[in-house]
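Residue-level structural notes
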Amino acid sequence: MTRVLITNDDGIDAPGLCVLAQAAVSAGFDVTVAAPATQSSGSSASIMATESDGRIAVERRTLPDLPEVEAFAVQGGPGLIALIAARGAFGDPAEVVLSGVNHGANVGRAILHSGTVGAALTGALNGAWAMAVSLDVGMNPEQFHWRTGADAAIALMPELLARDAGTVINVNAPNSERPRGVRESTLAPFGIVQMTVAESDDSYVRLAVEELPNVPTADSDAAHLADGWITVTGIDSVTERRLDLALD
């Protein structure tokens with residue numbers, strides 16, 4: 001039975017996490033959940049944690065409707081969780097890391113900052129197959145179709161596992177019961193939203209989120225998602241680029 005670690009950056013109590021865990025259990029995977037004790041969005045692949053005497057606090061939890069699944073709330077971000085999971089912190093290391101279902105889309109090159117994506121990349125860097133999955137809820141959603149994201153993740157598992165270990169895919173689902181289908185997509189050159197400095201002086205900075213006015217390129221994840229498609233993009237962790245320096 002394939003061992004799956006499920007994490008996120010929205011925190012252990014996030015509904016998208018529970019729905020993804022339920023879908024993975026129903027699909028027959030051996031599931032362990034480990035997620036941040038508190039909101040950790042925007043943490044990328046950070047391995048910062050709250051420590052006491054050199055120890056990171058971990059609390060066992062029981063997920064709603066999944067009492068049989070081992071679940072842990074960790075005083076650290078999802079990148080750290082994926083790292084320590086690979087070192088056996090929650091039992092045998094997982095073969096697959098599923099990160100999500102995130103509250104909000106993770107598209108374009110702005111995924112660099114996503115804790116959801118950071119966990120997947122960290123898991124893959126340590127030898128696992130990995131998938132980040134997010135739901136495009138928009139700014140003011142009236143309802144949440146978490147199951148659309150979770151079902152997309154489970155349906156894409158055979159495609160993921162058919163690749164080499166260390167493969168990472170980034171999945172985004174529209175907030176709809178009936179998406180149009182699945183499209184492999186490029187990364188848009190930007191995200192859907194961006195952080196801006198709303199106010200600042202010598203003692204503080206206050207940030208705000210605003211939607212970008214850009215029109216996404218036609219084959220990008222942002223464009224396909226806006227048109228109602230589930231998007232799939234293969235992404236790499238840190239890689240080198242040859243510079244061919246003119247050295248003496």
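Please read all numbers here as calculations on a predicted model, not as lab measurements. (Residues numbered from 1 in each chain as written. Predicted model: local features only at pLDDT ≥ 70, side-chain atom pairs only at ≥ 80, totals over all residues. Heavy atoms only, no water.)

A short note on the pairing of strand E2 (residues 30–36)
Put simply, the rule reads: When a residue's accessible area, from a 1.4 Å probe over protein chains only, is under 20% of the maximum for its type it is buried; when over 50% it is exposed; and in between it is partly exposed. Only DSSP runs of H or I reaching four residues or more are called helices, and only runs of E reaching two or more are called strands; each is numbered from the N terminus. A pair of strands counts as paired when DSSP detects no fewer than two bridges linking them. When the strands point away from the viewer, a crossover counts as right-handed if the path from the first strand over the helix to the second runs clockwise.
For E2, a buried count of 6 out of 7 residues is recorded, marking the element as mostly surrounded by other parts of the structure. Both strand E1 (residues 3–7) and E2 contribute to a ladder of 4 bridges, which runs parallel. The residue of E2 that forms the bridge with Ile-6 is Val-33. The β-α-β motif built from E1, the intervening helix H1 (residues 15–26) and the parallel element E2 has right-handed crossover chirality.

Considering the packing of helix H2 (residues 78–86) against helix H3 (residues 115–125)
Spelled out, the test is: Lines are fitted to the C-alpha atoms to define the axes, a helix being fitted only along its stretch in contact, and any angle between axes, read from their N-to-C directions, falls within 0 to 180 degrees. We call two directions roughly parallel when the angle between them is under 35 degrees, roughly antiparallel when it is over 145, roughly perpendicular when it lies between 65 and 115, and oblique otherwise. In this scheme the crossing of two helices becomes right-handed for a clockwise turn of the near helix relative to the far one and left-handed for an anticlockwise turn of less than a right angle. Contact definition: two residues touch when any of their heavy atoms are within 4.5 Å. Gly is placed with the polar residues, together with every amino acid not listed as nonpolar (Ala, Val, Leu, Ile, Met, Phe, Trp, Tyr, Cys and Pro) or charged (Asp, Glu, Lys and Arg).
One way to put it is that H2 packs onto H3 with a least axis distance of 7 Å and a crossing angle of 20 degrees. By the angle between their axes, H2 is roughly parallel relative to H3. With respect to the hand of their crossing, H2 and H3 are arranged in right-handed fashion. Between H2, through Pro-78, Gly-79, Ala-82 and Leu-83, and H3, the contact on the second element is made entirely by Gly-115, Gly-118, Ala-119, Thr-122 and Gly-123. Here the contact of H2 with H3 is composed, by residue class, of 4 nonpolar, 5 polar and no charged.

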